[in-house]
Amino acid sequence: MKKTWSQTINWSFWIAVITLVLAALFSIISTAILSGVSWAVGMVVVFIIVFIGVFFDTIGIAATAAEETPFNAMAANKVPGGRHGVLITKHADRFASFCNDVIGDIAGIISGTASAFVVLQLTFALGENEGSVAQTIISMVFTSVVAALTVGGKSFGKTVAIYYSTPIIYHVGKVLYILETKLHIRVFPKRKKRK
């Protein structure tokens, strides 16, 4: 099914708005968590943010790699999550865009900001001044570690996503099924009934 330019522009606009809202929300939450905590706790928070980015990147890649056929069979047999698996694979481009570009990139930006906060906290904890040689070294080492974990984690996640795309999307489908049936949170719009 070909998408029109207006649909593409409309989707791009809404994804930009969603990104703006989520980035602000995540930034407020991470700032609230990091303020008043030690550098060690801040470091753990940074690693959690990195993990979230890698996790969603893996899901996004799995969505584009997964085949629709096994989920059609699951949906036909009314397996919980099967219908959602079909919807994910049908809308793989948008689903991957949300996971990789929205959540993944926001996590990357916020982990960078949080890293700077941790470096500052660690510098003061060591009794050094802001702008000192020690701060430069700490910043370089910590930023390098965060970057290595992000890139290495995403590289590993991509391999896992390609080889295990069906079970990954099945489990994501089950989560979406629970959200829809138990909490009445619908990720995909309801299908319009044909007249």
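Small disclaimer: the values here were computed from a predicted structure and weren't measured.

(A) Local environment of the overall build of the protein. When helices and strands are tallied, the protein shows 7 helices and 0 strands. Scanning the protein from its N terminus toward the C terminus, one meets helices and strands in the order α-α-α-α-α-α-α. With respect to the three principal axes, the spread of C-alpha positions in the protein is 70 × 35 × 35 Å. Counting all 195 residues of the protein, 34% fall into the buried class. The long-range share in the protein, meaning contacts at least 24 apart out of those at least 6 apart in sequence, stands at 77%. Accessible surface, the protein: about 12,400 Å² in total, of which carbon and sulfur atoms supply 69%. Put simply, the protein has 17 plus and 9 minus side-chain charges, and the middle of one group is 21 Å from the middle of the other.

(B) A look at the packing of aromatic side chains. If you walk through the whole model with that rule in mind, you get 4 aromatic pairs. Ring centres of Phe13 and Trp14 lie 5.4 Å apart, and the angle between their planes is 75°; this geometry places the pair in the edge-to-face category. For Trp14, a relative accessible area of 46% gives the class partly exposed. Ring centres 6.1 Å apart and planes at 55° place the aromatic pair Phe47 and Phe142 in the tilted group. In this pair, Phe47 is assigned in helix H2 (residues 39-65) and Phe142 in helix H6 (residues 133-163), connecting sequence segments 95 residues apart. Judged by its relative accessible area of 31%, Phe47 falls in the partly exposed class. Taken together, Phe51, Phe55 and Phe56 form an aromatic cluster joined through their ring pairs.

(C) Region of the structure containing the nonpolar core. Ranked by internal contacts, the top residues of the largest apolar core, which has 21 residues, are Val46, Ile49, Val102 and Phe142. With 9 residues, the single largest contributor to this core is helix H5 (residues 92-125). When sequence neighbours within four positions are dropped, the list of residues in contact with Ile49 reads Ser30, Ala107, Ile110, Ser111 and Ala114.

(D) Region of the structure containing unusual backbone geometry. Phi angles above zero are rare outside glycine, and Lys78 is one such case at about 55°. In this fold, Lys78 is placed in the loop between helix H3 (69-76) and helix H4 (82-90). Given the relative accessible area of 73%, Lys78 is considered exposed. Even without a glycine there, the phi angle at His184 is positive, about 60°. Position of His184 relative to the elements: it lies in the segment after helix H7 (165-181).

(E) Geometry of the packing of H2 against H6. Contact pair H2 / H6: the axes reach a minimum separation of 8 Å and the direction vectors enclose 25°. Taken as axis vectors, H2 and H6 run roughly parallel relative to one another. Crossing handedness for the pair H2 and H6: right-handed. Between H2 and H6, the residues in contact are Met43, Val46, Phe47, Val50, Gly53, Val54, Asp57, Thr58, Ile61, Ala62 and Ala65 and Phe142, Val145, Val146, Leu149, Thr150, Gly153, Lys154, Gly157, Lys158, Ala161 and Ile162, respectively.

(F) A look at the pattern of salt bridges. Taken as a whole, this structure holds 3 salt bridges when the rule is applied. Residues Asp57 and Lys158 are paired through a salt bridge, measuring 3.0 Å at the closest nitrogen-oxygen approach. Of this pair, Asp57 sits in helix H2 while Lys158 sits in helix H6; the two residues are 101 residues apart in sequence, bridging distant segments of the chain. A salt bridge links Arg186 to Glu180; the nearest nitrogen and oxygen atoms lie 3.4 Å apart.

(G) Looking closely at the environment of Phe156. Mapping Phe156 onto the fold places it in helix H6. Accessibility expressed as a relative area gives 61% for Phe156, which makes it exposed. For the pair Phe156 and Val46, spaced 110 residues apart in sequence, the C-alpha separation works out to 19 Å.

Rules used in this analysis
- Residue numbering note: each chain is counted from 1, following its sequence as written.
- Where totals are concerned, whole chains, interfaces and linings use all residues; where local detail is concerned, this predicted model gives features only for residues with pLDDT of at least 70, and gives and counts side-chain atom pairs only at 80 or more.
- Water and hydrogen atoms play no part in the side-chain values, which are based on all heavy atoms of the structure.
- Helix and strand definitions here come from DSSP, where helices need a minimum of 4 consecutive H or I residues and strands a minimum of 2 consecutive E residues; each element is numbered from the N-terminal end.
- Each residue is placed in one exposure class: buried if its accessible area under a 1.4 Å probe, protein chains only, is under 20% of its type's maximum, exposed if it is over 50%, and partly exposed if it falls in between.
- Note on contacts: a residue pair qualifies if any of its non-hydrogen atoms lie within 4.5 Å across the two residues.
- For the accessible areas, the method is Shrake-Rupley and the probe is 1.4 Å, while residue cover comes only from the protein chains on display.
- Counted as positive: Lys and Arg. Counted as negative: Asp and Glu, with His and the chain ends omitted from the count.
- Working definition for charges: the position is that of NZ of Lys, CZ of Arg, CG of Asp or CD of Glu.
- Here is the rule: rings of Phe, Tyr and Trp (six-membered ring for Trp) pair when centre to centre is within 6.5 Å. Planes less than 30 degrees apart are stacked, more than 60 are edge-to-face, and the remainder are tilted.
- Residue types Ala, Val, Leu, Ile, Met, Phe, Trp, Tyr and Cys, when buried and joined through side-chain atoms within 4.5 Å, form a set referred to as a nonpolar core.
- Only the stretch in contact is used when a helix axis is fitted, and all axes are lines through C-alpha atoms; the angle between N-to-C directions ranges over 0 to 180 degrees.
- Any angle that falls under 35 degrees is termed roughly parallel, while one over 145 is termed roughly antiparallel, one within 65 to 115 roughly perpendicular, and all others oblique.
- In this scheme the crossing of two helices becomes right-handed for a clockwise turn of the near helix relative to the far one and left-handed for an anticlockwise turn of less than a right angle.
- One speaks of a salt bridge when a side-chain nitrogen belonging to Lys or Arg is within 4 Å of a carboxyl oxygen belonging to Asp or Glu.

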